[in-house]
Amino acid sequence: MLQTSLNILSLCIALAAVETLHGVFRAAVLVPRVGKKTALKLGVFSGSALGFLVCLYFVPRMDVTGPLALLGVGLFAALFMVTFDLVLARVLLRRSFARSLAGLNPKTGNFLVFGLLFLAVCPLLVSALETIVFD
């Protein structure tokens, strides 16, 4: 149980690191070239792909089986990422929680909520892919 918890925490830390670097890249490289709105929309797809790749590495090494358990891992990872994003925005960028929560509203042009929903099912998708490829 402890090892599984540490594996899930490792997944979350890896996701946070990758997504932070992704956000820096998006802000430094993509925003000046295509604008903020387009960069945010493109970022959902590239961020989702990166999240899937991180899950592809970590999930098969976990001692987690069954669709509900895998969905639980995904939901935990998504909640971890929302919390991480809110805290990072508040502490590092001095952004209000209200402004940060606006990033979860697709009406503002930011589709982060869809990336989080995809992240929630990523462990389940990885497991299904692993079953298809290796069975």
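Here is a short report on the structure shown in this document. (Residues numbered from 1 in each chain as written. Predicted model: local features only at pLDDT ≥ 70, side-chain atom pairs only at ≥ 80, totals over all residues. Heavy atoms only, no water.)

1. Points about the overall build of the chain
Right, on to step 1. The number of helices and strands found in the chain is five helices and zero strands.
Right, on to step 2. When the helices and strands of the chain are placed in sequence order, the string is α-α-α-α-α.
Right, on to step 3. Scaling as 2.2 N^0.38, a compact globule of 135 residues should have a C-alpha radius of gyration of about 14 Å, and the chain matches this with 15 Å.
Right, on to step 4. Its C-alpha atoms give the chain principal-axis dimensions of about 45 × 30 × 25 Å.
Right, on to step 5. The proportion of buried residues among the 135 residues of the chain is 31%. (Helix = DSSP H or I, 4+ residues; strand = E, 2+ residues; numbered from the N terminus. Rg over C-alpha atoms; globule rule 2.2 N^0.38 Å. Buried < 20%, exposed > 50% of the residue type's maximum accessible area, 1.4 Å probe, protein only.)

2. A few points about helix α1 (residues 2-34)
Right, on to step 1. Between its terminal C-alpha atoms α1 stretches 45 Å, which fits the 48 Å expected from 33 residues at 1.5 Å a residue.
Right, on to step 2. Residue Arg26 marks the point of greatest curvature in α1, where the axis turns by about 40°.
Right, on to step 3. Buried within α1 we find Thr4, Asn7, Ile8, Leu11, Cys12, Ala14, Leu15, Ala16, His22 and Gly23.
Right, on to step 4. Buried-residue contacts for α1 involve α2 (36-58), α3 (67-91) and α5 (112-134).
Right, on to step 5. Looking at the residues trailing α1, positive phi occurs at Gly35, about 95°. (Expected span 1.5 Å × (residues − 1). Bend = angle between axes of the 7 residues up to and from the residue. Contact = heavy atoms within 4.5 Å.)

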